[in-house]
Amino acid sequence: MKASETSERYAGKVRECCNYAARSAKNFIKDEKNYKRQPCGEDEKKLAETLKEDLSTFCDTVSEETYLASQKAYILSNFLVFLFMILAGAAAILGYFINELIIIASLVFSVLALFAYFGAFGGTSKKLEGRNVFAVRNCNGDVKNRIIIEANLDAPFKRKLSRGVERGLKMFNLLLIILDIAFSVVALLITYGELEFSAYEYFIYAAFVLPFFSIVPIVLSRSVIASASTPGVADNLIGCYTACGALRYMSEMDLRLENTELCVLLTGAKNAKYAGAKTYCESHKDADAKVDTTIISVNTIYDVATTSVISDNKKAEKLVRDAASIAEVKLIDSKPKYMSSSAKVFKKAGISNVTITSLTDEAPAFYGNMEDTAYNISVPAIEAAIKLILETAYLKDAQ
């Protein structure tokens, strides 16, 4: 059976569920006080509680899972880069005045700066508690399949710099760290007589210049406001309500799949190294391994004309594309490499995953900033996503 064949009122009821999703998202975000949906922020928890209440009427069981996330990992990482770069510069200067062997310490600090740049020490920042919401609508018979509709509760951190400027500074910072390491290595090779360099007395003056550039990681650390978020309507408030909208249809039409559980997973802290998704994978790995599990992630839907499905799993992608043909939802091919997604977490856990998104190869102007407001809510895009989800669930159940 197709989802569209479940009721003569299918089209109207789906549209009603779309309106529920759009209206609920608008009501939640209408007050700027709700701009604290950063990972483990108070409004991320408020949204989780609100959606948990809605899902309790659509599903048979609703549960919460808590986790700990490093909210300020990015800020701490950049501060440590600054600290190690300063220490590397200081050691290089001391090597010039006291003993050239002190440059070994400069090399060590430069390498530590490189590790900090890639987030090796970010997890040492203070951890805060967050929560996932997991809801299940049971099937009629034995469970053979599980379809999980996933969306993230949190919104990106509020930032003072544009993505382009921040990306440029990060690349420049990496170049500076590499120069620090190169300087220390060359200086040591000259010191131990492994390299001859006639202009060494001028080369060593680089030790006095490089520390001045340590201001870059400080600028980066100050660019993120850990106590606030963007409105995050398209990314990904509407994704959460779209997932709930699909279950609302099943509930209000009193429908159940035969051998497929239909679930909603609302994960937290996507913008803090996917802490919520990682917690889910760890705590549900045995249950998901027992049945054929597919996760459908709803991530940034705002334009029906650019709806696409993205997956590294050909079987799962084919399932959703076949469902799109049934639902008469036109898909485009896109590769939004900039998209932040939990897909890699699910892939690492061995769970089939498909992402439904409106993102194209080029990021929209609102992506990740304060322009991601209720203006980006699109009922047709929500409708396309809900139809895709429902037809995928019914198609999987029929296999």
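To keep things clear, this report deals only with the structure shown in the data block. (Residues numbered from 1 in each chain as written. Predicted model: local features only at pLDDT ≥ 70, side-chain atom pairs only at ≥ 80, totals over all residues. Heavy atoms only, no water.)

### Quick look at the overall build of the chain
- Helix and strand counts for the chain come out as 14 helices and nine strands.
- With the C-alpha coordinates aligned to their principal axes, the bounding extent of the chain is approximately 85 × 45 × 35 Å.
- Going through the 399 residues of the chain one by one, you find that 54% of them count as buried.
- The distance from the centre of the 46 positive side-chain charges to the centre of the 46 negative ones in the chain is 2 Å. (Helix = DSSP H or I, 4+ residues; strand = E, 2+ residues; numbered from the N terminus. Buried < 20%, exposed > 50% of the residue type's maximum accessible area, 1.4 Å probe, protein only. Lys, Arg positive; Asp, Glu negative; His and termini not counted. Charge placed at Lys NZ, Arg CZ, Asp CG, Glu CD.)

### Let's talk about the packing of aromatic side chains
- For the structure on display, the rule yields nine aromatic pairs.
- Aromatic side chains Phe134 and Tyr280 sit 5.5 Å apart centroid to centroid with 50° between the ring planes, which places their arrangement in the tilted category. Highlighted residues: Phe134 in strand S2 (residues 127-137) and Tyr280 in helix H10 (residues 275-283), separated in sequence by 146 residues.
- Judged by relative accessible area, which is 9%, Phe134 ranks as buried.
- An aromatic cluster of at least three residues, connected via ring pairs, comprises Tyr20, Phe58 and Tyr241. (Phe/Tyr/Trp six-rings, centres within 6.5 Å; stacked < 30°, edge-to-face > 60°.)

### A few points about the pairing of strand S3 (residues 145-152)
- For S3, the buried fraction is high: eight of the eight residues fall into the buried class.
- The alternating pattern of S3 places Asn145, Ile147, Ile149 and Ala151 and Arg146, Ile148, Glu150 and Asn152 on opposite faces, both of which are buried.
- As defined by bridge partners, S3 adjoins strand S6 (residues 260-267) across eight bridges and the pair is classed as parallel. Across the sheet, residue Ile148 finds its bridge partner in S6, namely Cys263.
- Note: S3 against strand S7 (residues 292-298), six bridges, orientation parallel. If you follow Arg146 over to S7, its bridge partner there is Thr293. (Pairing = 2+ DSSP bridges.)

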